[in-house]
Amino acid sequence: MEKRKLGNSGLLVSLVGLGCNNFGGMRESLDVEGARLVVHAAMDAGVNFFDTADAYGVNGGSEIVLGEILGSNREEIVLASKFALPMNPEKSTRYNGSRGYIMKAVEDSLRRLKTDYIDLYQYHFPDPQTPIEETLRALDDLVRQGKVRYVASSNLAPWQLIDAWWTTRHHNLHSLLSTQHEYSLLERGVETSLFPALERTGISLLPYFPLASGLLTGKYRKGQAIPEDTRMSMPYFQAGMTDERLDTVGKLIAFAESRGHTMLELAMSWLGSNPLVSSIIAGATRPEQVTANAKSVGWKLSAEDLTEIDVITGK
Ligand code: NAP
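In what follows, the accompanying structure is described. If you're wondering where the values come from, they're calculated on a predicted model, not measured in any experiment. (Residues numbered from 1 in each chain as written. Predicted model: local features only at pLDDT ≥ 70, side-chain atom pairs only at ≥ 80, totals over all residues. Heavy atoms only, no water.)

**Description of the nonpolar core**
1) Next: Counting 88 residues, the largest nonpolar core has Leu-18, Phe-23, Phe-50, Tyr-121 and Leu-266 as the members making the most contacts within it.
2) Next: Looking at this core, the element that brings in the most residues is helix 9 (residues 263-272), giving 7 residues.
3) Next: Listed in part, the 12 residues of the second largest apolar core include Leu-11, Val-13, Val-78 and Leu-177. (Core = buried A, V, L, I, M, F, W, Y, C linked by side-chain atoms within 4.5 Å. Buried < 20%, exposed > 50% of the residue type's maximum accessible area, 1.4 Å probe, protein only. Helix = DSSP H or I, 4+ residues; strand = E, 2+ residues; numbered from the N terminus.)

Right under this line is the structure:
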């Protein structure tokens, strides 16, 4: 498995990572035994980067499940978590980046994950009430205390990312290595807005929803029944499966198959062809999915391929 540098650091992450937002929750979520199969299949396939958050699952369920599973493998992986989203939205809906909140959040995450350090601690969503310097100083302190090895962001607007970058430089604080944003063949908005900021700062992109919740795996086709036991079989997710998106997916499937590849290989290899991307944090509900995802980044797309893909996706 190819490994890439994360931002301006010596930290190497596998090009295919594992998103763990479907561990420890309700509905389609995986319990410890289900998640164990997925995590071990990922490690067997060379995946070393695991992305979770305190807010994933019920009451920190995703972190709890990972804490149960990792055991002696903890040292071998790069463990990323996040803070700032409300843990109990009935009590508070605030996105919180304040110092006091972060200091408690990290202790709670460490306890749930059964570890004494988090490799990459990410600011999940920006808190409009807290000055960025306060958040970044708290994160810097966590690195100095050894509780966190590196810091990163998620869902910052481009101006907020540049503001954070300047703040860390100006005050000599640990800088953000990466940022998470939705990015896939079906969602390319960040290319014009965020990419110039990433190029300027050297901050890496960790694209989330890389498979558009499974739409880009080839298992959903226009006019065909939605396979059972999939995310798209749940009414909540079906809004993302519009005719327009299915038409684009149909064209992408034809493009991939005409070149001897699968839709999954196209979705993952296209992301991997972008040097701004360090790790593609696809989620999986079954071990065979993560095995397939890990193998799917080997297609070297030519400049002509990329141009044709732009036409199909309406870029
Ligand atoms: P995704 O990666 O686009 O889709 C994952 C889903 O697609 C799986 O749960 C599985 O669902 C299906 N799938 C995956 N591989 C497959 C394969 N090879 N064949 C067939 N189906 C396959 O979406 P995601 O998991 O929601 O997002 C990825 C990660 O990004 C999350 O786990 C999380 O770590 C991160 N994330 C971050 C943010 C943020 O704000 N920073 C937001 C969202 C997500 P079924 O088996 O149910 O069909």
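**Quick look at the layout of surface pockets**
1) Next: Reported here for the second largest pocket is a volume of approximately 220 Å³.
2) Next: Surrounding the second largest pocket, Asp-54, Asn-59, Met-87, Tyr-101, Lys-104, Ala-105, Asp-108 and Arg-112 form its lining.
3) Next: Partitioning the lining of the second largest pocket into residue classes produces 3 nonpolar, 1 polar and 4 charged. (1 Å grid on protein atoms, 1.4 Å probe; cavity = no way out; pocket = protein on both sides within 12 Å on 5 of 7 lines; lining within 4 Å. Points joined across faces, edges and corners; volume = space filled by probe spheres on them. Nonpolar A, V, L, I, M, F, W, Y, C, P; charged D, E, K, R; others polar.)

**Some details on the pattern of salt bridges**
1) Next: Tallying each qualifying case throughout the model produces 20 salt bridges.
2) Next: Put simply, Arg-112 and Glu-63 hold a salt bridge, and the shortest N to O gap is 2.8 Å. Of this pair, Arg-112 sits in helix 3 (residues 99-113) while Glu-63 sits in helix 2 (residues 61-70), and the two are 49 residues apart along the sequence. Residues Arg-112 and Glu-63 agree in their burial class; the two are buried.
3) Next: One network of salt bridges, with partners in common, ties together Arg-188, Glu-191, Asp-310 and Lys-315. (Salt bridge = Lys/Arg side-chain N within 4 Å of Asp/Glu carboxyl O.)

**Thoughts on the site of the ligand**
1) Next: Within the structure, the ligand sits among 32 residues, and Asp-51, Asn-155, Gln-180, Lys-219 and Thr-285 are positioned closest to it.
2) Next: Between the ligand and Asp-51, the relevant distance is 2.6 Å, taken from an oxygen atom to a side-chain nitrogen or oxygen of the residue.
3) Next: One of the side-chain nitrogen or oxygen atoms of Thr-285 is found 2.7 Å away from an oxygen atom of the ligand.
4) Next: When isolated, the ligand has an accessible area of 910 Å², and the protein chains bury 94% of it.
5) Next: Those elements that place two or more of their residues in the shell around the ligand are strand 10 (280-283) and helix 10 (287-294).
6) Next: Counting residues per element, the shell around the ligand draws most heavily on strand 10, at 3 residues.
7) Next: Grouping the constituent residues of the shell around the ligand by class yields 13 nonpolar, 15 polar and 4 charged. (Near = heavy atom within 4 Å. Polar contact = N/O pair within 3.5 Å; in protein donor to acceptor, adjacent residues only side chain to side chain. Areas by Shrake-Rupley, 256 points an atom, 1.4 Å probe, with all protein chains shown as cover.)

**Things to note about helix 2**
1) Next: Counting buried positions along helix 2 yields 8 of 10 residues, so the element is predominantly enclosed.
2) Next: Along helix 2, the positions that sit buried rather than exposed are Gly-61, Ser-62, Glu-63, Val-65, Leu-66, Gly-67, Ile-69 and Leu-70.
3) Next: The inward-facing, buried residues of helix 2 abut helix 1 (32-44), strand 5 (78-83) and helix 3.
4) Next: At the C-terminal side of helix 2, Gly-71 shows a positive phi close to 50 degrees. (Contact = heavy atoms within 4.5 Å.)

**Focus: helix 11 (residues 303-312)**
1) Next: Along helix 11, the residues classified as buried are Asp-305, Ile-309 and Ile-312. Buried positions in helix 11, seen along its axis, are confined to an arc of 60 degrees and lie on one side of it. Residues of helix 11 that are exposed and point more than 90 degrees away from the buried face comprise Ala-303, Glu-304 and Val-311.
2) Next: On its buried side, helix 11 packs onto helix 8 (243-258) and helix 9. (Arc of directions from axis to C-beta.)

**Digging into the environment of Asp-31**
1) Next: Inspection of the secondary structure assignment puts Asp-31 in the loop between strand 3 (16-19) and helix 1.
2) Next: A sequence separation of 30 residues divides Asp-31 from Gly-61, and the C-alpha atoms of the two residues are 8.9 Å apart.
3) Next: Separated by 2.8 Å, the side chain of Asp-31 and the backbone nitrogen of Gly-34 make a polar contact.

**Some words on the packing of helix 1 against helix 2**
1) Next: Two elements in contact, helix 1 and helix 2, have axes separated by 10 Å at closest approach and are oriented at 65 degrees. Seen from above, helix 1 lies across helix 2 with right-handed handedness. For the pair formed by helix 1 and helix 2, the contact residues are Val-32, Ala-35, Arg-36, Val-39 and His-40 on the first element and Val-65, Leu-66, Glu-68, Ile-69 and Leu-70 on the second.
2) Next: Split into classes, the residues belonging to the contact of helix 1 with helix 2 amount to 7 nonpolar, 1 polar and 2 charged. (Axes fitted to C-alpha atoms, helices over the stretch in contact; angles between N-to-C directions. Left-handed = near helix turned anticlockwise from the far one by under 90°.)

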